[in-house]
Structures are given as C-alpha cells and as structure tokens.
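# Fold and geometry: a report
Listed below, chain by chain, are the residues.
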Amino acid sequence: MTQKSVFSVCGMCTVRCPIQVEVQNGQVEFISGNPHVPAMKGAVCPRGAAGTALLLDNERPRTPLIRTGERGEGKWRKAGWDEALDYVAEKLNQVKAGYGARSIAFSDRGGPFRDMHRAFLKGLGTPNYNNHDSSCAKNVQHAALSLTGMGRKAVFYDFKNAKHVVLQFRNIFEAINVQEVNDLMDALENGCKLTVIDIRANISAAKATGFMMIRPGTDYAFNLAVIHEIINKRLYDERFVSRYMEGFKALETFVTPYTPEWAQTETGIAAATLRSFAQELAKAAPSVIWHPGWMTARYKDSFYICRSIYIINALLGAYGTRGGLPFVLKPGDVGAKSLKSFMDLYPEPDEKRADGAGWKYTHFEDGPGLAHLMFKAIEEQEPYPVKAYIAYRHDPLMGYPDPDRLRRIWDKLDLLVSVTFSWSDTAWHSDVVLPLSTYLERESIIATKNALKPQFFVRKRAVAPRYDSLADWEIISELARRMDLPDLVFDRVEDVWNFQLRETGLTIENFDAKGLVDLADEAVYKNFDEFTFETASKKIEIISENLEENGHLSLKPYEPPAFPKEGQFRMTFGRCAIHTQGHTVNNPLLNEQMPENTLWINTAEARKLNISDQDIVTVSQNGYSETIRAYVTDHIHPDAVFVIHGFGHRIKAESRAFGKGLADNKFMAGGLDIWDKAGGAIAYQEHFVTVSKG
Ligand SMILES: Nc1nc2c(c(=O)[nH]1)N[C@H]1C(S)=C(S)[C@@H](COP(=O)(O)OP(=O)(O)OC[C@H]3O[C@@H](n4cnc5c(=O)[nH]c(N)nc54)[C@H](O)[C@@H]3O)O[C@H]1N2
Ligand SMILES: Nc1nc2c(c(=O)[nH]1)N[C@H]1C(S)=C(S)[C@@H](COP(=O)(O)OP(=O)(O)OC[C@H]3O[C@@H](n4cnc5c(=O)[nH]c(N)nc54)[C@H](O)[C@@H]3O)O[C@H]1N2
Ligand code: SF4
Ligand SMILES: [Mo]
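Nothing here was measured: the structure is a model prediction, and the numbers come from that model. (Residues numbered from 1 in each chain as written. Chains lettered and ligands numbered in written order. Predicted model: local features only at pLDDT ≥ 70, side-chain atom pairs only at ≥ 80, totals over all residues. Heavy atoms only, no water.)

### Remarks on the overall build of the protein
Formally: Only DSSP runs of H or I covering at least 4 residues are called helices, and only runs of E covering at least 2 are called strands; the numbering of each starts at the N terminus. Taken over C-alpha atoms, the radius of gyration is set against a globule rule of 2.2 Å times the number of residues to the power 0.38. Burial classification: accessible surface area is computed with a 1.4 Å probe over protein chains only, and a residue below 20% of its type maximum counts as buried, one above 50% as exposed, and the rest as partly exposed. By definition, residues are in contact when any of their heavy atoms lie within 4.5 Å.
Of the regular secondary structure elements, the protein holds 22 helices and 25 strands. The C-alpha atoms of the protein give 25 Å as radius of gyration, which agrees with the globular expectation for 694 residues (26 Å, within 12%). Structurally, the protein occupies a C-alpha span of about 70 × 65 × 55 Å along its principal axes. For the protein, the residues scored as buried account for 63% of the 694 residues in total. Sequence-distant contacts in the protein: of pairs separated by 6 or more residues, those separated by 24 or more amount to 73%.

### So, the site of ligand 2
Threshold: We call a residue near a molecule or strand as soon as one heavy atom of that residue lies within 4 Å of the molecule or strand. Think of a polar contact as two N or O atoms within 3.5 Å of one another; within protein, one of them needs to be a possible hydrogen donor and the other a possible acceptor, and neighboring residues in sequence only count if both atoms come from side chains. For accessible areas, the Shrake-Rupley method is used with a probe of radius 1.4 Å. Any residue's cover is judged against the shown protein chains and nothing else. Residues were grouped as follows: Ala, Val, Leu, Ile, Met, Phe, Trp, Tyr, Cys and Pro as nonpolar; Asp, Glu, Lys and Arg as charged; and all remaining residues, including Gly, as polar. The split into domains, and so the bounds of each, comes from an automatic or database assignment of domains.
Around ligand 2 sit 27 residues in total, of which Arg-109, Asp-395, Gly-399, Ser-422 and Arg-442 are the nearest. Gly-399 places a main-chain nitrogen or oxygen 2.6 Å from a nitrogen atom of ligand 2. Within the contact set of ligand 2, a nitrogen atom lies 3.1 Å away from a side-chain nitrogen or oxygen of His-645. Starting from 880 Å² of accessible surface for ligand 2 in isolation, the protein chains cover 98%. Among the residues making up the shell around ligand 2, the classes are represented as eight nonpolar, 13 polar and six charged. For the shell around ligand 2, the domains that each give at least three residues are domain 1 (79–136 + 353–450 + 469–503) and domain 3 (568–693).

### A few points about the environment of Gly-111
Among the structural elements, Gly-111 can be located in the loop between strand S6 (104–108) and helix H4 (115–124). Given a relative accessible area of 26%, Gly-111 falls into the partly exposed group. C-alpha of Gly-111 to C-alpha of Ile-31: the two residues are 80 residues apart in sequence and 22 Å apart in space.

### Some details on helix H18 (residues 472–482)
With nine of eleven residues buried, H18 lies mostly within the body of the structure. Turning to H18, its buried residues are Asp-472, Trp-473, Glu-474, Ile-475, Ile-476, Ser-477, Glu-478, Leu-479 and Ala-480. Elements in contact with the buried residues of H18: helix H3 (81–99), H4, strand S13 (388–392), strand S14 (415–420), strand S15 (432–435) and helix H19 (493–501). Following H18 by one or two positions, Asp-484 adopts a phi angle in the positive range, close to 65°.

### Overview of the site of ligand 3
What surrounds ligand 3 is the set Cys-10, Met-12, Cys-13, Val-15, Arg-16, Cys-17, Val-44, Cys-45, Arg-47, Gly-48, Ile-176 and Val-178. Residues of the shell around ligand 3, tallied by class, amount to nine nonpolar, one polar and two charged.

### Topic: the domain arrangement of the protein
Convention followed: Summed over both partners, the accessible area (1.4 Å probe) lost when two parts come together is defined as the buried area. For this analysis, a salt bridge means a side-chain nitrogen from Lys or Arg found within 4 Å of a carboxyl oxygen belonging to Asp or Glu.
Domains assigned within the protein are domain 1 (79–136 + 353–450 + 469–503), domain 2 (157–326) and domain 3 (568–693). When the area that domain 1 buries against domain 2 is broken down by residue, the three leading residues are Ser-135, Cys-136 and Lys-449, summing to 93%. Where domain 1 packs against domain 2, one counts zero salt bridges. Across the domain 1-domain 2 interface, the total number found is two residue pairs in polar contact (both at pLDDT 80 or more). Each residue belonging to the side of domain 1 that touches domain 2 can be placed in one class, and the counts come to one nonpolar, two polar and one charged.

### Considering the pairing of S14
The criterion, for reference: Between any two strands, pairing holds if DSSP finds at least two bridges.
Among the six residues in S14, six count as buried, and that is most of the element. Here S14 shows no split at all, with Leu-415, Val-417 and Val-419 on one side and Leu-416, Ser-418 and Thr-420 on the other all buried. Relative to S14, S13 is paired through five bridges, and the arrangement is parallel. Within S14, the position partnered with Ile-390 by the bridge is Val-417.

### Some thoughts on the nonpolar core
For clarity, the cut-off: Here, the term nonpolar core denotes a set of buried Ala, Val, Leu, Ile, Met, Phe, Trp, Tyr and Cys residues that are joined through side-chain atoms within 4.5 Å.
If you look at the biggest cluster of nonpolar residues, it comprises 177 residues, and the most contacted ones within it are Phe-120, Phe-222, Trp-290 and Leu-315. No other element matches helix H13 (residues 302–315), which puts ten residues into this core. Discounting residues that sit within four places of it in the chain, Leu-315 has contacts with Ile-227, Ile-230, Ile-231, Tyr-236, Asp-237, Val-241, Met-245, Phe-248 and Leu-251. Counting residues in hydrophobic clusters, the runner-up holds 43 residues, among them Ile-409, Leu-416, Val-632 and Met-668.

### Some details on the sheet that holds strand S24 (residues 640–644)
Put simply, the test is: Throughout, an axis means a line fitted to C-alpha atoms (over the contacting stretch in the case of helices), and angles, computed between N-to-C directions, take values from 0 to 180 degrees.
Strand order in this closed barrel of six strands is S20-S24-S21-S23-S22-S25, and the pairing throughout is mixed. With direction set aside, neighbouring strand axes in the sheet form an average angle of 45°. In this structure, strand S20 (residues 569–574) lies alongside strand S25 (residues 688–693), joined through two bridges in antiparallel fashion. Each residue of the ladder has a partner; that of Arg-570, found in S25, is Phe-688.

### Re the packing of helix H14 (residues 371–380) against helix H16 (residues 403–410)
To characterise two packed helices, one gives the angle between the axes of the helices and the distance between these axes. Condition: What sets the label is the angle itself: under 35 degrees gives roughly parallel, over 145 gives roughly antiparallel, 65 to 115 gives roughly perpendicular, and the rest give oblique. Helix crossings fall into two classes, left-handed where the near helix is turned counterclockwise from the far one by less than a right angle and right-handed where it is turned clockwise.
Between H14 and H16, the least distance of the axes is 8 Å, while the angle of their chain directions is 50°. On the basis of the axis angle, H14 is oblique to H16. Every pair of crossing elements has a handedness; the one defined by H14 and H16 is left-handed. Where H14 abuts H16, its residues Phe-375, Lys-376, Ile-378 and Glu-379 lie against Arg-405, Leu-406, Ile-409 and Trp-410. Across the contact of H14 with H16, the residue classes break down as five nonpolar, no polar and three charged.

### Structural notes on the packing of aromatic side chains
Note the threshold: When the centres of two rings from Phe, Tyr and Trp lie within 6.5 Å, Trp using its six-membered ring, the rings pair. Their planes under 30 degrees apart give stacked, over 60 give edge-to-face, and anything left gives tilted.
Under the definition given, this model contains 42 aromatic pairs. Where Tyr-244 meets Phe-533, the ring centres are 5.6 Å apart and the plane angle is 75°; that geometry is what we call edge-to-face. Here Tyr-244 is found in helix H9 (residues 238–244), whereas its partner Phe-533 is found in the loop between strand S18 (516–518) and strand S19 (540–541), with 289 residues between them in sequence. The residues Tyr-244 and Phe-533 share a single accessibility class, namely buried.

### A word on the pattern of salt bridges
Enumeration over the complete set of coordinates arrives at 45 salt bridges. In this structure, Lys-233 and Glu-229 form a salt bridge, with 2.7 Å as the shortest nitrogen-oxygen distance. With a closest N to O distance of 3.0 Å, Arg-481 and Asp-491 form a salt bridge. One end of the pair, Arg-481, is in helix H18; the other, Asp-491, is in the loop between H18 and H19, with ten residues separating them in the sequence. A relative accessible area of 40% places Arg-481 in the partly exposed class.

### Some points on the sheet that holds S6
Strand order in the open sheet made by the seven strands is S5-S4-S15-S14-S13-S6-S7, with mixed pairing throughout. Looking at which strands have only one partner, the edges of the open sheet turn out to be strand S5 (76–78) and strand S7 (129–131). Across the sheet, the mean angle from the axis of one strand to that of its neighbour is 20°, orientation sign disregarded.

Shown next as structure tokens:
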C-alpha cells in the first residue's frame, strides 16, 4: 500500500483554499485544509470535500472533442490532443492572418494562475484578454480604484480582530471563503457584532446580532443616510479624515438632504434603527468592516453603493487598521523578490481593446476588461472584427444574461473554444472542447498571495489524470508550440516553476514542507502615517476626476430604481453553501445533497396567488416560462423572488442536473445591455417576473 500527502490548492471555487490531499494507492482518500494555514482550521467547505466526486465523475469531458453537427447540437467526434490542438492553432492562425491578432478574444475566471495564458495572448499580439468580472465584482473594483487609486484586493478583511462587521448583499456563511468564515466565527465568539442588511434572512442573518430587511434596490438610500448620520452626529474619525480624505466638505454638503427619515420611506428601515446602528458602528470604530460586497453586479447604481461603503469605512477610520481593512503587502514590501512573470516576455500589444476599456472608457481598468462589451464587439464587429473566442474556465452562457442572444452573437465567430473540467452550456456550444485536468490531477504555475503576510503558493498534482485531460500549462505550452511562441513552450512543469523562481532565490523544494513559502515571519500592519493611497493627492479622493471626465458624477444623487408593478416580482439570486455557480450541480455528491433550487416567495404574496409551500409554480417573463418548486417564507421582502443561481441545466451530457430547477439568467431579457455605466458591471437584478401556481 502506498500512502502520500500532497499540499495543493482547492479548485471547487475561485477562492482557491490551501488543501492537503491524502492519497492511497493512487486514489484520493480525503481532502482537508492545509494544516500549515491556521485560518483554515483543517477544514474545507462542502464543495471542497466533494472534489473526489468531481474526479471520479464520468460525466465530464474525457477527451478533446471537435464538433461535427451544428453549434449546440451535441454531436462530437473524439480527437487526440495533437489533432485538437492543431485544429485550434490552425483556426487561430487563419483568423490572425485574415483580421489581425486583435481579432482573437479570450476570457477566464480571474485569479492568481493567469500569468502564463495572459502571456500567450500578449505574445500573439491581442489586447483582448477578459475575465468574468463584469458579471461579478467589477463595481467593487472600480469603486475602490475611483476612491483610492488601488484595487479592491489592496486591503484585507481582518475579520478575526473586528468588533463590528456589516454584510450588505454579502452572505459570508453561504458564499464561502473558508478562512474568512473561520475568522469571523472567532470574532463572533469574542463579542464582535454582526449586522446583516439583506432582502432576505439568509444563513448569515441567522448568525447576526442585527438584521435589517431592506427593500430591494434601495441600498444606496440607506447608505447615504448612514453617511449623513455619521457626519451630522460627528461620529467620524477626525484624525483619519483630516489626514487621508480629500473632499470631505463636498461629501458633507451632498448628504445633507439624505436624512434617516428620508431613507426610511425608500428602504423600509426605521430611522431610529439606522440611528442606533450608526452609533454602534462608531462605538466599535476603527475595528469595523463594512464589507464592500463581492457579487455586486446587481443594479444600475451598484457602483455608487460600493463607493458609499468604502466611504463609510474611511469615515470610521477602518482603512489600514487592525480589525478593519488593513493594507496587504506585496513581496517587495517585505524585501522579497517577485516571481518572474511570463507576461514580461512580450511587449504590450499596440492595439486598442475591442471592449473600449482604457480608451473609450478611461474610467475602466483595461487589464481584464469587460466581457459583455467584448461580446458586443463580436456582435457589431466594431471597433473591429472579433472572430475567435476562447472561453477558458468560463461559462458565459450560464453566467451572463440572455443566453439565446449570446448564442446568436457567437454565430459571428469563426472559432469558439472551451477549456474546462466539467460540461457547461458554453462547452456544449463550442467548436472544440479542450478538457482541463481537474485540480486534483494537475499542477498549476506558482502564484503570489499579497497579504498581511505575503506568500508564494503552488498547486501540486495529487493523482494522475483519470481521463485524457491536460493541465493549463500543458495546454498553453502546446498551443504556444504551434503558434510560434517558443518562450512559452515547456516540456516539464519543473521548468515552468524554475522560470518563475529564477530571481527569488527559492527552488520548488522550498514548497515541499508546507505547499507554500511565507515571505514574512508574521502579519505586518502598516503604521498610520505609512499609508499611501495611490491617487494624485495620496489620499482618498471623494471627487474622482477620472469619473467626471467620463461623464459620471462622483457624488451621485439617489434615484429610486424601477419597482415591480402589481403582480410582478424582482428576480433576485445568490449562493448556497452546497454549490458553486453553475458548475457543481451535476457533481454526484453535491447533486445528491441539493438537486434543484426553489423559488423563495413572501408568504403574504404567495397567499394572494394561492401558492402554498412546495407547490410547483410557473415563473414567466416576456413569454418565456420555467417551473420550479415554491419555498414560501416570511423571510424575504415581498418585492422579490429569489433563487440559488446555477440551476436549470439542459444539456444531455449531464444526466443528474438535466432539467432540474430554474435558470435565473433566462429571465433577464435584454440584460446584456443593462449595465452600470459608471462601474462597468451588468445590472442583473433590474428584471421582473410573474409567478403563477402550477
Ligand atoms: N458556496 C459558495 N460560495 C461561493 C460561491 C458559490 O457559488 N458558492 N461563489 C463565489 C463567488 S464567484 C462570489 S462572487 C461570491 C458571492 O458572494 P456574495 O455576494 O456574498 O453572495 P450572493 O449569495 O451572491 O449574494 C449575497 C446576498 O445578497 C443578497 N441580495 C440580493 N439583492 C440584494 C439587495 O438588493 N440588497 C441587499 N442588501 N442584499 C441583496 C442576497 O439575498 C444574498 O444573501 O461567493 C463566492 N463563494
Ligand atoms: N444570473 C446570474 N448570473 C451570474 C451570477 C448569478 O448569481 N446569477 N453570478 C455571477 C458571478 S458572481 C460569477 S463569479 C460568474 C461565474 O461565472 P463562471 O465563471 O462562468 O462560473 P463557473 O461555474 O465558476 O465557471 C467556471 C467554468 O470553468 C470550469 N473550470 C475549469 N477548471 C476549473 C477550476 O479549476 N476551478 C473552477 N472553479 N472551475 C473550473 C468549470 O467547469 C466551469 O464550467 O457568474 C455570474 N453570473
Ligand atoms: S471555499 Fe470551499 S470550494 Fe472554495 S476553494 Fe475553499 S474549500 Fe474549495
Ligand atoms: Mo463571483
């Protein structure tokens, strides 16, 4: 019997927790949290534990596949890797010859393992790398940039030491990051207060010391009134504001009309409740975290909500503070050398991005762009034709609104490739499917974690691939070989790692003991006077020139959203602890635990429609309908219905998920055009449905 323990990185969601994998006779026996990372407490979440089921699942793409029928028809021919990669490279070269390299677009799921494939795109000469973020956290990212000149990940949420945590459209105990959950649990045991502001009582609300049910779409009104109250009652941190805030006076004037009484009529939350909440926050300050949100692609003003949250954190002096939002450190900040980057091998492509980020819209960062605007460029072939698209660990047909329109847009493509470890609607619609080994079967490039205690970490292969799949670095390397980018061609993963470590003084053996290398001995909190924001004034700038130059106000007056008409409900959605987006619903273990989603509907509203708990109901919009089981509850606002996102799969390859539950993104007609013009993200919750029994 052989037994080994492998340090690796979970891949069941994009949090990428450090794990330890127990392997017996070449089989994965058990997955736990990496014991060398104390905040993991040896745990993984339910999805992390179901990695073994993903590995064993025979309903995932098992060899490269090339389409033989129409797109989406599900007719495939199995291909060897050489044939599939030759096919993709040849098509990419044709597109490049016919339209230029910029005609090749690519999207992925963000994260720390991107350097090599981004370098591949740069080497080809296309600027059109995109991540998924216009469907997720783009508004938070742009809000952070607009105020501080730094991205959202420049700060750490120091839950463990916090005294008051506020979750507003952030459901930390179901939308899980294991280390954050553990840290917050510790804090709660130490008396930390937890306030949840949500449209329904989720699991986080059940653990909260305070819960406010807010009318969907009115969060900005609530937050403006909180700012009003903090300023009006002089509850803010004067030292922080005078040292680090530019534009306080303008803010003070702007919020004058937004009293708690005014907000009460918009949000349904009593003025007195808001007032005592503001007092409590001030009492806990500066060890306060008002989480700026994660999946914030919800409303046309979500960007301004995120800005208001960052402003509140600043007013309370939480920036840079223990128990608040301390700044993360990069390797260079602790005297370490950075990894050598594949991206540095090639010059910036001398081309404008198809999505307009960075030139048409200079308030949007150009690095990862906005995928929905890239899709628009495919549709209109403007500012130039985009003819090839690689969806790399990305399923836009499940993750963007209006999939039928997206399919029609993609009709304009000469090549559509999906690189994936499970079936997805996008893979099913592709010309070529390149099966990625699951995270337990593949190595990844070394990654950097900027943190209070920065580190390098690596994913090691726990077991050999079960099917004919490859690791990311192998796929990119083989495409690079075929597309004349010799610097990205590697035969062994050790050579990839050696390249990255070249200037660090480390070798891959340094990762053996813990799966990671700490670059500092302990967490470092910067001193108050050492903070530097990356704006021109080096302070938090309430007035953003960049925003204003692009025609957006820095301090935008509140405008009520469209509310549902009689008989309509706002379509809302979120996460549960058992599934990740759309890609675990066919996982044998997780599917068994939760095979379908249900429709949360308020008890009084359900009664009007003669709907009882567990009834089958029909949800409709614009003549499109799906059925789902009702969950009748007092714990959701009457304006909204709610589902867990990711269900309603309709592809034959997934027998367990087929036809189960409802797909929320199909109830977002026209949704690719409904987005937050200041923050860049899709506004997914500006859609209404009707519900009937049966
Ligand atoms: N288990 C699990 N964990 C995950 C994921 C997963 O799929 N499964 N996905 C990961 C990803 S990609 C992301 S982006 C994060 C998402 O993390 P979160 O953004 O925290 O998760 P969500 O469940 O999408 O939304 C949070 C809450 O917003 C509420 N909400 C909806 N509309 C409104 C509103 O108008 N106002 C207010 N105040 N609240 C509202 C919902 O009811 C929900 O409880 O989770 C990550 N973690
Ligand atoms: N209607 C609606 N739309 C949404 C959302 C919603 O709640 N409602 N949520 C939005 C949010 S927050 C996000 S982040 C996006 C997500 O949208 P996507 O990023 O498209 O969602 P995933 O299901 O995570 O898709 C990742 C795909 O990559 C494949 N994959 C390959 N390798 C790996 C790996 O190592 N790890 C992982 N995790 N996947 C791999 C998976 O099999 C899957 O097919 O969708 C957004 N769209
Ligand atoms: S939160 Fe869960 S699924 Fe996501 S990486 Fe961590 S253990 Fe894996
Ligand atoms: Mo997300």
